[in-house]
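Descriptive structure summary
One letter stands for each residue in the lines below.
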Protein chains: 2
Amino acid sequence: MATKTTIHDIASFLNVTASTVSRALNNNPRISENTRKAVLKAAKQLNYQPNNIAAALRNGKSNLIGVIVPTADRAFFSSVVRGIEEIANRLGYKIIICQSYDDYSKEIQTVEALANARVDGIIASIGKETVNFDHYNDLLKKGIPIVLFDRTTDQLAVNQVMIDDYQGAYDAVSHLVDEGCQRIAHFTSPVKISIYKERLRGYTDALKDHGIPFDDNLVIESNLQLEGGRQSMLQLLELNKMPDAIFSASDYGAMGAMQVLKEKKIKIPQQVALVGFANEPFTSFTDPTLTTVDQLSLAMGHVTAELFFDQLNSLDKQIPQRTQKTVLQPQLIIRQSSLRSSGRV
Amino acid sequence: MATKTTIHDIASFLNVTASTVSRALNNNPRISENTRKAVLKAAKQLNYQPNNIAAALRNGKSNLIGVIVPTADRAFFSSVVRGIEEIANRLGYKIIICQSYDDYSKEIQTVEALANARVDGIIASIGKETVNFDHYNDLLKKGIPIVLFDRTTDQLAVNQVMIDDYQGAYDAVSHLVDEGCQRIAHFTSPVKISIYKERLRGYTDALKDHGIPFDDNLVIESNLQLEGGRQSMLQLLELNKMPDAIFSASDYGAMGAMQVLKEKKIKIPQQVALVGFANEPFTSFTDPTLTTVDQLSLAMGHVTAELFFDQLNSLDKQIPQRTQKTVLQPQLIIRQSSLRSSGRV
DNA sequence: CTTAAATGTGCAATCGATTGCATGTTAATA
DNA sequence: TATTAACATGCAATCGATTGCACATTTAAG
């Protein structure tokens, strides 16, 4: 097991000091070209690997970014993370990914652990349960930059990136109306974090703007998972008058509805049209394929990371901060499950 | 912006030295109970957060584990990662996730960057292109433990966790034979990393054991993505005699075939039965639902992490290592796409 | 009452890289 | 030739936590 070489090893090898080696490796202009070359050569020869830990301690900067997501195995989040990672790597940063599992105490622990690991900042999507944000505010007080994406909050004075959930929902419902639907149900979550609030608002506003009365019975709450969607659908089927369309705040919820409808031999979209939300990979594989709202996850990752690093750099330069919200426009992906009017797909 | 408190701040606050504080915080038995309590109290009062970087430098141990996957936004990998993270967190470690994007030079860079970040070890699934393993061997020489999962190699003397791809394929094909299929095609990758080699071997052996002649025309190579599956299917349709079943080494490939078959009004499974591989989330949402081989991704993450930490601990104790392969048995998930014999699902 | 053992803290070095300041050398200018 | 500027490198402190060894105090044993 080779003992690791340090700049001191290189220094004594070349009969100079560690200072010189350090400067040479960091392209400090005060080092002569000859020395620099000699150092680089010796470094290669001795198989030198810089110790980022030591540099981090000295510089107070780890080049590590903490990323907190509720869960990494959901297409949306893993895709955002990928976007973040692409930008981060390009700038010489690595990311530490942590999952909160939508658990409040786990989120607190995670934030603290990342702070102790001396990450240079945190990019997070907050958990569903989280209503108190002290753990994030503590970081802000210490000057650790934070950027939130998707699941955001106005209770923190930080930069945020989200999609326009309101508009996405509005577009989805408008589309259903255009297709001739008049009795449109909505699947939502009982936990009213902003994204679900906004989607509900988009739904009701779209109805209003199209002169369709709002019916409380048509708004069904569930966990928005597959089973939740199934239950919600069964609940709708017990109404005197069935809806002719469903706008679900999640693709999984819509999928549950689709399963039940198919089991009951109810035709999609002729009898009931369906629209989901998130553009999960499976939505293009169902039969019929599922109309949904794309959240531009990769782009969101990119934008979030760019915003984060902008902030990080301006912090260095003592540029005063103003928190900003970046809102991305989602895109309605029209597929078979909502296309009643014609054969076009 | 509060300047961060260190053990020295606590020390001077209590009129003791940093040594005492450090020992108290680490539950060193040589510290009196009174002092310990006082230190803990002061730490809380001064809002002390340990600096892991400093400890890492001193201890030569970062409590960080590097995890390298080809891509984090594939269900299988993100699920394994989740499994790894669960175990790691429980043991006080955090993981740094890096994506190689199946790019050889990116993989080399990543390994090096993780080494520089002084991770305590690496858990990896190697890229498709990778045929030279020097970058990993360099780490081994430095005593950094490595465990591989899923995409492994015999060219590295490290612990490995994989599923029995051979058996998974063998079971899948046997199942198709049981369902009465006699002309079974196979979708595979031109890149013959071990997983694809093993699945091909399972396919051929199963045919042989059931007395079905091997037909070269029925083995189609593609990238195994959706489009690849479509192309492969079209290729098969041009044969004089169509196959009556397809075993695809990936779910996406099977999905492509399903799409083409449905477009051509060819009945699944009556005319052509389908089996995929990986149990991607969408496979239970297709119509017909797709028979596939589950890879126990979460379990694989758990097992891999446990193996890794066992090794890490025994390294500390200077226990001699013997590399071992852990092979998990995959599970055939039988769904509609392959069930010809009866109505049971 | 003396001596040895047990107990609780402090001192100072260490991990490896970085950097302000000082010093020595060479080249350029008057 | 003297003087100064420009250049190249070294010295030593620093980042924060840890730990072997030394020292002082208390307790127990003889």
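Parameters and conventions
- Residues numbered from 1 in each chain as written.
- Chains lettered and ligands numbered in written order.
- Predicted model: local features only at pLDDT ≥ 70, side-chain atom pairs only at ≥ 80, totals over all residues.
- Heavy atoms only, no water.
- Helix = DSSP H or I, 4+ residues; strand = E, 2+ residues; numbered from the N terminus.
- Buried < 20%, exposed > 50% of the residue type's maximum accessible area, 1.4 Å probe, protein only.
- Contact = heavy atoms within 4.5 Å.
- Polar contact = N/O pair within 3.5 Å; in protein donor to acceptor, adjacent residues only side chain to side chain.
- Near = heavy atom within 4 Å.
- Least-squares fit on C-alpha atoms with pLDDT ≥ 70 in both.
- Pairing = 2+ DSSP bridges.
- Axes fitted to C-alpha atoms, helices over the stretch in contact; angles between N-to-C directions.
- Buried area = accessible area lost by both parts, 1.4 Å probe.
- Salt bridge = Lys/Arg side-chain N within 4 Å of Asp/Glu carboxyl O.
- Domains from an automatic or database assignment.
- Right-handed = clockwise from strand over helix to strand, strands pointing away.
- UniProt positions renumbered as here; feature names shortened; annotations may be inferred.
- Parallel < 35°, antiparallel > 145°, perpendicular 65-115°, else oblique.
- Left-handed = near helix turned anticlockwise from the far one by under 90°.

**Thoughts on the environment of Ser 189 of chain A**
Residues and elements named next belong to chain A. With respect to the element layout, Ser 189 can be found in the loop between strand E6 (184-188) and helix H9 (194-209). Residue classification places Ser 189 among the buried residues on the basis of a relative accessible area of 3%. Counting along the chain gives 90 residues from Ser 189 to Asn 279, while the straight-line C-alpha distance between them is 18 Å. The residues contacting Ser 189, other than those within four sequence positions of it, are Tyr 196, Glu 221, Ser 222 and Leu 224. There is a polar contact of 2.9 Å between the side chain of Ser 189 and the backbone nitrogen of Val 191.

**Some words on the protein's contact with DNA strand C**
In the vicinity of DNA strand C, 26 residues are found, and the nearest of them are Arg 23, Tyr 48 and Arg 58 of chain A together with Thr 20 and Thr 35 of chain B. A breakdown of the atoms of DNA strand C within 4 Å of the protein gives sugar and phosphate a share of 53%. Asn 26 of chain A places a polar side-chain atom, nitrogen or oxygen, 3.0 Å from a phosphate oxygen of DNA strand C. The contact in question runs from a base oxygen of DNA strand C to an N or O atom on the side chain of Arg 58 of chain A, over 2.3 Å.

**Details of the relation of the copies chain B and chain A**
Superposition record for chain B on chain A: RMSD 0.1 Å, screw rotation 180°, translation along axis 0.0 Å. On the angle and the small slide along the axis, the relation comes out as a two-fold axis. The overlap is high: 100% of the interface residues of chain B also sit at the interface in chain A, so the same surface is used on both sides.

**What about the environment of Ala 206 of chain B?**
All names here are of chain B. Here Ala 206 shows up in helix H9 (residues 194-209). In sequence terms Ala 206 and Gln 167 are 39 residues apart; their C-alpha atoms lie 9.4 Å from each other. Setting aside chain neighbours within four positions, we find Ala 206 in contact with Tyr 170, Val 173 and Ser 174.

**Describing the sheet that holds strand E8 (residues 245-248) of chain B**
Residues and elements named next belong to chain B. The sheet built from 4 strands is open, its strands ordered E7-E6-E8-E9 with parallel pairing. Two strands bound the open sheet, and with one partner strand each, they are strand E7 (219-221) and strand E9 (273-275). Taken over all neighbouring pairs, the strand axes of this sheet differ in orientation by 20° on average, direction set aside. The sheet contact formed by strand E6 (residues 184-188) and E7 spans 3 bridges and is parallel. The residue bridging His 186 from the neighbouring strand is Val 219, located in E7. Of the strands in this sheet, E6, E7 and E8 are in contact with H9, which crosses E6 at around 170°. Lying over the sheet, helix H11 (residues 251-263) contacts E6, E8 and E9, oriented at roughly 160° with respect to E9.

**A few points about the interface of chain B and chain A**
At the junction of the two partners, chain B supplies 52 residues and chain A supplies 52 residues. Here chain B packs against chain A, burying approximately 4800 Å² in sum over the two surfaces, 57% of which is carbon and sulfur. Between chain B and chain A we count 4 salt bridges in total. Salt-bridge contacts for Arg 82 of chain A lead to Asp 73 of chain B; the nearest nitrogen and oxygen are separated by 3.6 Å. At the junction of chain B with chain A, the criterion picks out 16 residue pairs in polar contact (both at pLDDT 80 or more). Broken down by secondary-structure element, the contributors of at least two residues to the side of chain B that touches chain A are helix H4 (52-59), helix H5 (75-90), strand E2 (94-99), helix H6 (104-116) and H11 of chain B.

**Considerations on the domain arrangement of chain A**
Domain annotation of chain A identifies domain 1 (7-50), domain 2 (59-157 + 297-328) and domain 3 (165-295 + 332-338). Here the C-alpha centroids of domain 1 of chain A and domain 3 of chain A sit 64 Å apart.

**Digging into the pairing of strand E4 (residues 146-149) of chain A**
Residue and element names in this part refer to chain A. Neither face of E4 is open: one carries Ile 146 and Leu 148, the other Val 147 and Phe 149, and all of them are buried. Of the pairings in the sheet, the one linking strand E3 (residues 121-124) to E4 comprises 3 bridges and is parallel in character. Each residue of the ladder has a partner; that of Ile 123, found in E4, is Val 147. Following the backbone out of E3, through helix H7 (residues 134-141) and into the adjacent parallel E4, one traces a crossover that is right-handed. Direction of pairing for E4 relative to strand E5 (residues 159-163): parallel, over a ladder of 3 bridges. Bridged to Leu 148 within E5 is Gln 160.

**Notes on the UniProt feature "domain: HTH lacI-type" (unreviewed entry) in chain A**
Look at the UniProt record and you will see "domain: HTH lacI-type" (unreviewed entry) annotated at residues 5-59 of chain A. Across residues 5-59 of chain A one finds 67% helix and 0% strand; the C-alpha atoms that close the span lie 20 Å apart.

**Overview of the sheet that holds strand E8 (residues 245-248) of chain A**
All names here are of chain A. In space, the 4 strands of this open sheet follow the order E7-E6-E8-E9, with parallel pairing throughout. Because the sheet does not close on itself, it has two edges, and the strands there are strand E7 (219-221) and strand E9 (273-275). Strand-to-strand twist across the sheet, computed as the mean angle between neighbouring axes with direction ignored, equals 20°. Here E8 runs beside E9; their pairing, made up of 3 bridges, is parallel. Within E9, the residue paired with Ala 245 across the bridge is Ala 273.

**Quick word on the protein's contact with DNA strand D**
The immediate surroundings of DNA strand D are formed by 27 residues, with Thr 20 and Thr 35 of chain A together with Arg 23, Tyr 48 and Arg 58 of chain B found nearest. When the atoms of DNA strand D within 4 Å of the protein are grouped by moiety, sugar and phosphate amount to 53% of the total. Side-chain polar atom of Arg 30 of chain A to a base nitrogen of DNA strand D: 3.1 Å apart, as the coordinates give it. Take Ser 32 of chain A: an N or O atom from its main chain is 3.2 Å from a phosphate oxygen of DNA strand D. Counting only elements with at least two residues in the surface near DNA strand D, the list comes to helix H2 (18-25) and helix H4 (52-59) of chain A together with helix H1 (7-14), helix H2 (18-25) and H4 of chain B.

**A closer look at the pairing of E6 of chain A**
Residues and elements named next belong to chain A. With respect to burial, E6 is a largely interior element, 5 of its 5 residues being buried. Residues Ile 184, His 186 and Thr 188 of E6 are buried on one face, and the alternating residues Ala 185 and Phe 187, pointing to the opposite face, are buried as well. Summarising the sheet, E6 and E8 pair through 4 bridges and their orientation is parallel. Opposite Phe 187, over in E8, you have Ser 248 as the bridge partner.

**Considering the packing of H4 of chain A against H4 of chain B**
Remark: H4 of chain A packs on H4 of chain B, axes separated minimally by 9 Å, with the N-to-C direction vectors making an angle of 140°. Taken together, the axes of H4 of chain A and H4 of chain B lie oblique to each other. The hand of the H4 of chain A/H4 of chain B crossing is left-handed. Note on element contacts: H4 of chain B touches H4 of chain A through Ile 53, Ala 54, Ala 56 and Leu 57 of chain B, opposite Ile 53, Ala 54, Ala 56 and Leu 57 of chain A.

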